[in-house]
Amino acid sequence: MSLLELDGVKVHFPVKKGILFDRTVGHVYAVDGVSLKVEAGQTYGLVGESGCGKTTLGRGVLRLVDITDGEVVFDGTDLAKLPEEEMRRYRRRLQMVFQDPLGSLNPRQNIESILSEGMAAHGIGKDQDERREKIKEILAKVGLPTNALSRYPHEFSGGQRQRIGIARALVLEPDVIICDEPVSALDVSVQAQVINLLEELQESLGLTYLVIAHDLAVVRHISDVIGVMYLGSLVEEAPSDALYAGPKHPYTKALMSAVPVPDPEVEDRRERILLQGDLPSPANPPAGCRFHTRCPWAQDKCAVERPVLTDVGDGHKVACHFAAEIEAGELELTRPTGIEAVVSTEAVASQEAEVEDAAPEPASKVPAQAPAPKGEDAEHEAPADEDGAPATDGDAAAAESADADADGDPSESGADADAPEPDASAKKAGRTA
Amino acid sequence: MALLSVEELSVTFTAKGRKDATAVDGVSFDVDQGQVVGLVGESGCGKSVTSLALMGLLPNKGVKIGGRAVFDGQDLLSMSPRKLRDMRGSKLAMIFQDPLSSLNPVVPIGVQVTEILERHRGLKGEAARKEAAHLLDRVGIPDPSRRLKEYPHQLSGGMRQRALIAMAVACAPRLLIADEPTTALDVTIQAQILELLKELVDQEGTALLMITHDLGVVAGICDQVNVLYAGRAVESAGRRELFAHPTHPYAHGLLGSIPRLDAPRGEPLSPIRGSINDRIAWADGCAFAPRCDRYTMECLTGTPELTEPRAAGHQVRCVNPVLPKSKAEVSA
């Protein structure tokens, strides 16, 4: 039995419109059916790019955002259905370390007050003296001096503030700590200090971590199991080493190939899979496989049927219809993965010449002198390349519509697609405050 | 002769009733035609201030700038503001870190791009608009004619950075300064942008001064790397040399503290202790000494000079550099 089990967790934010009556005009599908298990004493790393729902999922576990559907089973209890009052008691055992160490510490409270607040709320320690003793002990563990007690957050450096954030979680003696981007606000030299600290604490206190981060290298360094999220759902889950040795989902492959490695020898040799476009809006996610709009191997089936996370052996789970075929190299690329598709370059020189010697030439004259289109005709150069490759019309059309999504295109569903982001962020901001 | 040659650049911020803050404390480096030079360091090392000083974007009041920065035979630091305005955007262009705050939010992208074309290339009306569409197309923005009419908030982060790059390369500048161009972006988008920059450098022979904190990015794109600490270059070498043999204890420590995707799991990182706040003035000794494991009393006797203890062209500012064992014993 795992310590923390998520089953089909969904967090949807309603998009409201109207002045007098708040009509719900759509949803942002921030987290859309995530199931995962975190074993006691282990570290589960959740990676993904911004907007993939990893932070919302972490907050959902603690019920800092309302879960729309699904179960969060912690130590045999479904947190999603607990009344608020009981949930509060459970929060002692599930603590969180936030990304922005300055933003998550009250600037007007000294460290003793910050750290003892939670203890008092949960009835830990008889009186302030006893709490202070406990706090001193924890401060020593996280590597802060005892004289920190009477100081204020602004007096500390970024790394020290993050240590305070960790201490705040530790004083409540939690079982699980959810670390939301614990090191992304820190400089690399300090980052390593905090990563080492988290590892030492896990060893000495038997903690269980759910680490949420965008930095694949950091996550790989500290996690036992890694889950890769894309647009609200897990696309791949595997033990850390297995994931690094053989990523199976096209998105994971692309993500790993994009992470820069501080070694020129490696950088020069490796092949990059460059993805086209941006993350589609979670308010209007593509049908079928969420990734098919950017996937270099996308097939007809991908636009229609959403793949489920299936075990392919040794605890390696992947949500892709064609993972096996891609691995065997049986599948042709349907989109280019190189720089050629991203930049259209041939036209540069001739275009420059054209503009200089005769200003607005009619576009019709252009194709005669240069193969690449320009001006208004050139509008679709890059997408045309992408769409040209797939064999069938259906796929091309799908790719086209998806392209529009990927650009955050406010064409048809314009207002709907635009509205949710401020809404969601406002919500987040509200919660944080 | 180098395209840009910076000698002993220093920038000091002064304010009434406060101690002077020296952000850049004697930085020297060269950028050759078609070369990609990296300035790497953590926050507070003076890398961004260096770029702002070169572009003449620091305020006049409360800032003391020293040294020389000779670009194409002229000193940028002593140039008249009018002349510098002509240079900026045409011969010398900059890409900023945060594309949203460096684009004007209430002006459509198209107007912002054509503005440069009008100012520096004298294009007008339809010609300028066409060229702007072409520029956007060139940096990989699909459907450029429509995008020209849109406002910055309608574009995604990666797209905004592309628009900014389009503006920077609009006049085919000889030197491009990129200040953390990919820091605000996701890795997959970062990879796209880095490829685009590489492509531009290869094709146009533009020199690129890349300012970043990410050693991974540096390893992929830079020819020559300068590692900055507390406002001074502490190590400078070709990228292969630097990453293979980091010799200054800071550069060495920095590489040891980065979790690497391709490293075997379970090895603890070896961080540098303390933080950038624990430093002494360069005038008194090595600013890194309080965080350094190798420091001796010698480190506290004045600014260490740049030496080449390992290989020609590999400059290190340290009296106790990290050298292969045998050599270290000999010198000890």
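No experiment lies behind these values; they were computed from the predicted model shown.

## Structural notes on the interface of chain B and chain A
Accessible area lost when the parts come together is the quantity often used to give the size of an interface. At the interface, 68 residues of chain B touch 66 residues of chain A. Taken over both partners, the interface formed by chain B and chain A buries close to 5,900 Å², and the fraction arising from carbon and sulfur atoms is 55%. Among the residues of chain B in contact with chain A, Lys130, Leu261 and Arg265 of chain B are the three that bury the most area, contributing 15% of the side total. The interface formed by chain B and chain A contains five salt bridges. Arg272 of chain A is the salt-bridge partner of Glu195 of chain B, the closest N and O atoms lying 3.6 Å from each other. At the boundary of chain B with chain A, the tally comes to 15 residue pairs in polar contact (both at pLDDT 80 or more). Elements with a minimum of two residues in the side of chain B that touches chain A: α5 (125-138), α6 (144-148), α7 (157-168), α8 (187-204), α9 (215-221), α10 (239-244) and α11 (249-256) of chain B. Of the residues contributing to the side of chain B that touches chain A, the split by class is 25 nonpolar, 16 polar and 27 charged.

## Digging into the domain arrangement of chain B
Residue and element names in this part refer to chain B. As far as domains go, chain B holds domain 1 (1-91 + 175-261) and domain 2 (100-170). Averaged C-alpha coordinates put domain 1 and domain 2 at centres separated by 25 Å. With 16 residues of domain 1 at the contact, the number on the domain 2 side is 11 residues. On the domain 1 side of the interface with domain 2, the three residues burying the most area are Ile193, Leu196 and Leu200, jointly 35% of the side's total. Across the contact surface, domain 1 and domain 2 share two salt bridges. Here Arg119 ties to Asp86 by a salt bridge, and the two come within 2.9 Å at their closest N and O atoms. The tally of links from domain 1 across to domain 2 stands at five residue pairs in polar contact (both at pLDDT 80 or more).

## Describing empty space enclosed by the protein
Residues and elements named next belong to chain A. As enumerated under the stated definition, the model contains 11 cavities of 30 Å³ or more in all. The calculated volume of the second largest cavity comes to roughly 90 Å³. Along the wall of the second largest cavity there are 15 residues; nearest its centre are Cys289, Cys295, Cys302, Cys320 and His321. Per-class residue counts for the lining of the second largest cavity are 12 nonpolar, three polar and no charged.

## Comments concerning the pairing of strand β7 (residues 175-179) of chain B
Residue and element names in this part refer to chain B. Burial analysis of β7 places five of its five residues in the buried class, the great majority of the element. Pairing of strand β6 (residues 92-95) with β7 involves four bridges; the strand directions are parallel. When the sheet's bridge partners are listed, Ile95 is paired in β7 with Ala178. Pairing between β7 and strand β8 (residues 207-212): five bridges, direction parallel. Looking at the pairing, Ile177 lines up with Leu209 of β8. A crossover links β7 with its parallel partner β8, the connecting element being α8, and its sense is right-handed.

## Looking at the packing of α7 of chain B against α8 of chain B
Residue and element names in this part refer to chain B. Taken N-terminus to C-terminus, the directions of α7 and α8 make an angle of 15°; their axes are 10 Å apart at the nearest point. Regarding the angle of α7 to α8, the classification is roughly parallel. Crossing of α7 against α8: the hand is right-handed. Contacts from Gly158, Gln161, Arg162 and Ile165 of α7 reach α8 at Ile189, Gln192, Ile193, Leu196, Leu197 and Leu200. Among the residues forming the contact of α7 with α8, the class breakdown is six nonpolar, three polar and one charged.

## Looking at the packing of aromatic side chains
All names here are of chain A. Applying the stated criterion to the full structure yields seven aromatic pairs over all chains. When the centroid spacing of 6.2 Å and the interplanar angle of 85° are considered together, the rings of Phe74 and Tyr90 count as edge-to-face. In this pair, Phe74 sits in strand β4 (residues 69-74) while Tyr90 sits in helix α2 (residues 84-90), placing the two residues 16 residues apart along the sequence. Overall, Phe74 belongs to the buried group, its relative accessible area being 0%.

## Section: the nonpolar core
Residues and elements named next belong to chain B. With 70 residues, the main nonpolar core has Ile165, Leu208, Met210 and Ile221 as its most contacted residues. Here this core gathers at least three residues from each of two domains, domain 1 (1-91 + 175-261) and domain 2 (100-170). Sequence-distant contacts of Ile221, defined by excluding residues within four places in its chain, comprise Val36, Leu194, Leu197, Lys198, Leu208 and Met210.

## Some thoughts on the sheet that holds strand β4 (residues 63-71) of chain B
Residues and elements named next belong to chain B. One open sheet holds the four strands; their spatial order is β2-β1-β4-β5, and the pairing between them is antiparallel. Each edge of the open sheet is held by one strand with a lone partner, namely β2 (21-31) and β5 (74-75). Set on the sheet, helix α1 (residues 47-55) makes contact with β1 (4-13), β2 and β4; between it and β1 the angle comes to about 110°.

Reading the values: rules and limits
Residues numbered from 1 in each chain as written. Chains lettered and ligands numbered in written order. Predicted model: local features only at pLDDT ≥ 70, side-chain atom pairs only at ≥ 80, totals over all residues. Heavy atoms only, no water. Contact = heavy atoms within 4.5 Å. Buried area = accessible area lost by both parts, 1.4 Å probe. Salt bridge = Lys/Arg side-chain N within 4 Å of Asp/Glu carboxyl O. Polar contact = N/O pair within 3.5 Å; in protein donor to acceptor, adjacent residues only side chain to side chain. Helix = DSSP H or I, 4+ residues; strand = E, 2+ residues; numbered from the N terminus. Nonpolar A, V, L, I, M, F, W, Y, C, P; charged D, E, K, R; others polar. Domains from an automatic or database assignment. 1 Å grid on protein atoms, 1.4 Å probe; cavity = no way out; pocket = protein on both sides within 12 Å on 5 of 7 lines; lining within 4 Å. Points joined across faces, edges and corners; volume = space filled by probe spheres on them. Buried < 20%, exposed > 50% of the residue type's maximum accessible area, 1.4 Å probe, protein only. Pairing = 2+ DSSP bridges. Right-handed = clockwise from strand over helix to strand, strands pointing away. Axes fitted to C-alpha atoms, helices over the stretch in contact; angles between N-to-C directions. Parallel < 35°, antiparallel > 145°, perpendicular 65-115°, else oblique. Left-handed = near helix turned anticlockwise from the far one by under 90°. Phe/Tyr/Trp six-rings, centres within 6.5 Å; stacked < 30°, edge-to-face > 60°. Core = buried A, V, L, I, M, F, W, Y, C linked by side-chain atoms within 4.5 Å.

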